[in-house]
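Chain by chain, the residues:
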Amino acid sequence: MQKGLFITFEGADGCGKTTQLNLLAQYLEQNGYDVIKTREPGAKGLGEKFREILLNYDGDVSDRCESFLFLADRAQHVDMIIKPAVEKGKIVLCDRHTDSTLAYQGYGRGLDLKQINMLNNIATDGLKPDMTFVFDVDIETSNKRVGKEKDRMESAGDDFFTKVRNGYLQIAKMEPNRIKVIDSTRSIDEVFEDVKMYIKNALK
Ligand code: TMP
């Protein structure tokens, strides 16, 4: 059986990645592809428990503990959901993955990037996305889209947002073949045109 595709959706909070993921899933299904939608943290099963802690716990969480929780969630997700689906030939659309830990815990919180790369490799057992979209937005657009009700991560402030955003742009520069940066201050339809263009190329 032919190996599937593993595509990740990344970007700072309020970038619109989940909307684009849903649109792409619909588009691919309409074109006869076998698609699964999933996310980090918060995939079906144990992932939901990790998400609850990571986004809603209201006490102090150390930066290293936070990183390990995201990584533990990822290991479970790769082993139980992503790898089996890719091996069955499915297209896996994943809302956040390794680049989130680099951008948020590395560039955002200031943890060592080399160590995060190494830990990401352990968590994924070496699996790499075939393609990654980084949806890039400015702080004003993000604030408008996130609104007033913020979770633990979204409450980290404007300075943190800027570090994360710049982190993503740095990561994208290092891996231009895998990572496609899309200007997501534009309308949903305009952004989706870009997504479709990249996908059509990848499916050729
Ligand atoms: P989201 O479902 O809106 O993407 O929320 C997930 C939040 O968790 C978001 O603020 C980014 C954050 N996050 C990290 O800080 N590190 C990670 O490794 C992952 C997967 C998410």
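On a predicted model such as this, the values are computed, not experimentally measured, just so you know.

A. Region of interest: the packing of aromatic side chains. As enumerated under the stated definition, the model contains 7 aromatic pairs in all. Each ring, one from Tyr104 and one from Tyr168, has its centre 6.4 Å from the other, and the planes form 80°; the classification is edge-to-face. Here Tyr104 is found in helix α4 (residues 98-108), whereas its partner Tyr168 is found in helix α7 (residues 158-174), with 64 residues between them in sequence. Given a relative accessible area of 6%, Tyr104 falls into the buried group. When its relative accessible area of 2% is taken as the criterion, Tyr168 is described as buried. Counting every residue linked through ring pairs, the aromatic cluster contains Phe9, Phe133, Phe135 and Tyr198.

B. Structural view of the site of the ligand. Near the ligand lie 13 residues; those nearest to it are Asp13, Arg51, Arg96, Thr101 and Gln105. Side-chain polar atom of Arg51 to an oxygen atom of the ligand: 2.8 Å apart, as the coordinates give it. At 2.4 Å, a side-chain N or O of Arg96 approaches an oxygen atom of the ligand. Relative to its unbound accessible area of 480 Å², the ligand is 93% covered by the protein chains. Of all elements in the fold, only α2 (46-56), α3 (63-87) and α4 reach the threshold of two or more residues within the shell around the ligand. For the shell around the ligand, the leading source of residues is α4, giving 4 residues. By residue class, the composition of the shell around the ligand is 4 nonpolar, 3 polar and 6 charged.

C. Examining the sheet that holds strand β3 (residues 91-95) more closely. Spatially, 5 strands are ordered β2-β3-β1-β4-β5 in an open sheet, and the strand pairing comes out parallel. On the outer flanks of this sheet lie β2 (35-39) and β5 (179-183), each paired with one strand and no other. The sheet shows a mean angle of 20° between the axes of neighbouring strands, direction not considered. In this structure, strand β1 (residues 5-10) lies alongside strand β4 (residues 131-136), joined through 4 bridges in parallel fashion. Note on β4: the bridge partner recorded for Glu10 is Val134.

Criteria and cut-off values
- Each residue is numbered by its place in its chain's sequence as written, counting from 1.
- Per-residue local features of the predicted model are confined to residues with pLDDT of at least 70, and side-chain atom pairs are confined, for both listing and counting, to 80 or more; whole-chain, interface and lining totals are unaffected and use all residues.
- Think of the side-chain values as coming from all heavy atoms in the structure, minus any hydrogens and water.
- Note on aromatic pairs: the rings of Phe, Tyr and Trp (six-membered ring only in Trp) are paired at centre separations within 6.5 Å, and the planes decide the class, stacked below 30 degrees, edge-to-face beyond 60, tilted for the rest.
- Going along the chain from the N terminus, every DSSP run of H or I of four or more residues is numbered as a helix, and every run of E of two or more is numbered as a strand.
- Classification of residues uses two cut-offs on accessible area relative to the type maximum, computed with a 1.4 Å probe and protein chains only: under 20% is buried, over 50% is exposed, and between them is partly exposed.
- Residues are counted as near a molecule or strand when any one of their heavy atoms sits within 4 Å of it.
- The definition of a polar contact used here is a pair of N or O atoms within 3.5 Å, where within protein one atom must be able to donate a hydrogen and the other to accept one, and adjacent residues in sequence count solely through side-chain atom pairs.
- Reported accessibility uses the Shrake-Rupley method at a 1.4 Å probe radius. Residues are deemed covered only where the shown protein chains occlude them.
- Throughout, the ten residues Ala, Val, Leu, Ile, Met, Phe, Trp, Tyr, Cys and Pro are labelled nonpolar, Asp, Glu, Lys and Arg are labelled charged, and all others, Gly among them, are labelled polar.
- DSSP bridges decide pairing: two strands pair if at least two such bridges lie between them.
- Each axis is a line fitted through C-alpha atoms, and for a helix only the stretch in contact is used; angles between axes span 0 to 180 degrees, taken between their N-to-C directions.

In short, the description is geometric, and any link to function would need to be established separately.
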